[in-house]
Amino acid sequence: MQIQIFRYDTIDSTNSEAMRQAKLGAEEGLCIIADEQTAGRGRHGRTWISEKDSGLYLSILLRPTLPTELTPLITLMSAVSVHQALAKSGVAADIKWVNDLLVGDKKICGILAEATATPNGLAVVVGIGINLRDGNFPSELAATATSIEALTGTSPDRDLLAGNLVDAIRANYKILQSPQGPAEIRRMWTERSSYADGKSVTVRTDGEVFAGITRGIEENGALRVETAEGAVKIVQAGDVERLRSTQ
Ligand code: BTN
């Protein structure tokens, strides 16, 4: 995959721009980075606060050739890539299923993967927001979010982080698309996530709320959760509104 980076001072949303370019026929590897987003988007229709220079706001366009049922593994691959890039910035994170990066109980990165049909086939845009500094967090976020600067005590080099992240995505995407790749990505994800196995959680989906213990992931990255009655429920990424650790 050839990486082509476009940088903006300000943009509505790097994901929106990558989606627009995907529909116009852009090739995979297109990467949009902005200093600031005026309409940053999170999952479940939430806003992603994107103050100038407070975060790395990056989206990358992929045109995967994976079997469709394995497309959700792109989000796991992305979380592994962020985990590796953060490690190079001195931050040891945990991956909360399916693709939030936490340090302790505080979120340092969110990932929004969006798929769309385009004239050149399926496009997947992976949008990554990493908190660089937390000076601008509104009070409601201060208790639940953290940043590289807060954790390391030094001002992170955003370009270095972006470079490490893009390198990791390129390498891991290549692995994912290779014959044994899906299993390898599941292994890499599992190794980096305390949520993979034996975690006590509460799951809130559209239709129900239940508690249980995590019991590994399925082929497509869905989470197995064993309830107190001994039933194993399979939670698909799209189903979950909220997954809470209850430990
Ligand atoms: C989440 O945890 O809810 C996902 C947040 C994803 C935020 C990133 S920032 C870069 C890209 N552009 C967006 O509008 N959203 C993603």
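What counts and how
Throughout this description, residue numbers start from 1 for each chain and increase along the sequence as written. The model is predicted, so local features are restricted to residues of pLDDT at least 70 and side-chain atom pairs to those at 80 or more, both for listing and for counting; the totals for chains, interfaces and linings are taken over all residues. Side-chain measures were taken over the full set of non-hydrogen atoms in the model, leaving aside hydrogen atoms and water. Relative accessibility thresholds used throughout: buried, under 20% of the residue-type maximum; exposed, over 50%; partly exposed, between the two (1.4 Å probe, protein chains only). Secondary structure elements are defined from DSSP: runs of H or I of at least 4 residues count as helices, runs of E of at least 2 residues count as strands, and each element is numbered from the N terminus. If DSSP finds at least two bridges between two strands, the strands pair. Note on geometry: axes are lines fitted to C-alpha atoms, helical ones only across the stretch in contact, with angles between N-to-C directions running from 0 to 180 degrees. Geometric relationships in this document are graded by angle, where less than 35 degrees denotes roughly parallel, more than 145 denotes roughly antiparallel, 65 to 115 denotes roughly perpendicular, and other angles denote oblique. Crossing chirality is assigned from the near helix's rotation relative to the far helix, an anticlockwise turn below a right angle marking it left-handed and a clockwise turn marking it right-handed. Note on definitions: a residue-residue contact is assigned when non-hydrogen atoms from the two residues lie within 4.5 Å. Gly falls in the polar group here, along with every residue not listed as nonpolar (Ala, Val, Leu, Ile, Met, Phe, Trp, Tyr, Cys, Pro) or charged (Asp, Glu, Lys, Arg). Whether a crossover is right-handed depends on one test, that the path from the first strand over the helix to the second runs clockwise when the strands point away from the viewer. Whether a residue is near a molecule or strand depends on its heavy atoms: if one lies within 4 Å, it is near. Nitrogen and oxygen atoms within 3.5 Å of one another constitute a polar contact, given that in protein one can donate a hydrogen and the other can accept it, and given that sequence-neighbouring residues count only through two side-chain atoms. Here the Shrake-Rupley method, with its probe set to 1.4 Å, supplies the accessible areas, and only the displayed protein chains count as covering residues.

This next bit is on the pairing of strand β7 (residues 121–131). The buried count for β7 comes to 9 of 11 residues, which makes it a mostly enclosed element. Bridge count for strand β3 (residues 55–62) against β7 is 8 bridges, and the pairing is antiparallel. By the bridge assignment, S59 is partnered in β7 with G127. Here 10 bridges tie strand β6 (residues 106–118) to β7, and the two strands are oriented antiparallel to one another.

We now examine the packing of helix α2 (residues 73–88) against helix α5 (residues 158–176). The interhelical angle for the contact between α2 and α5, taken along N-to-C directions, is 140 degrees, at an axis separation of 8 Å. In terms of orientation, α2 and α5 fall into the oblique class. Taken as a pair, α2 and α5 cross one another with a handedness that is right-handed. Across the interface between the two elements, L73, I74, M77, V80, S81, V82, Q84, A85 and K88 from α2 touch L161, N164, L165, A168, I169, N172, Y173 and L176 from α5. Residues belonging to the contact of α2 with α5 are distributed by class as follows: 12 nonpolar, 4 polar and 1 charged.

Sheet topology places strand β1 (residues 4–11) next to strand β2 (residues 30–37); 7 bridges connect them, and they run parallel. Directly across from I5, in β2, lies its bridge partner C31. For the crossover from β1 across helix α1 (residues 14–23) to β2, the handedness is right-handed.

Right, let's talk about the packing of α2 against helix α6 (residues 181–192) for a bit. Axis angle and axis distance: for two packed helices, these are the angle between their axes and the distance between the axes, and together they describe the pair. Direction vectors running N to C along α2 and α6 enclose 50 degrees, while the axes themselves pass 9 Å from each other. Judged on the interaxial angle alone, α6 and α2 are oblique. As α2 packs across α6, the resulting crossing turns out to be left-handed. Residues L73, L76, M77, A79, V80, H83 and Q84 of α2 form the contact with α6, whose own contacting residues are P182, I185, R186, M188, W189 and R192. For the contact of α2 with α6, the per-class residue count stands at 9 nonpolar, 2 polar and 2 charged.

Another aspect to go through is the site of the ligand. In the region of the ligand, 20 residues are neighbours, and S13, Q37, R41, R43 and K107 sit closest. Residue N15 places a main-chain N or O atom 3.5 Å away from a nitrogen atom belonging to the ligand. The contact in question runs from a nitrogen atom of the ligand to an N or O atom on the backbone of R41, over 2.7 Å. When the ligand sits alone it has 420 Å² of accessible area, and the protein chains cover 99% of it. For the shell around the ligand, the secondary-structure elements that each account for two or more residues are α1, β3, β6 and β7. Of all the elements, β6 adds the most residues to the shell around the ligand, at 4 residues. Broken down by class, the residue content of the shell around the ligand amounts to 6 nonpolar, 10 polar and 4 charged.

W97 connects to V98 through a cis peptide bond whose omega is 5 degrees. When you line up the elements, V98 lands in the loop between β4 (94–96) and β5 (100–103). The phi dihedral of H44 falls on the positive side, at around 55 degrees, and the residue is not glycine. With respect to the secondary-structure elements, H44 resides in the loop between β2 and β3. With a phi angle near 60 degrees, D53 is a residue other than glycine that sits in the positive phi range. With respect to the secondary-structure elements, D53 resides in the loop between β2 and β3.

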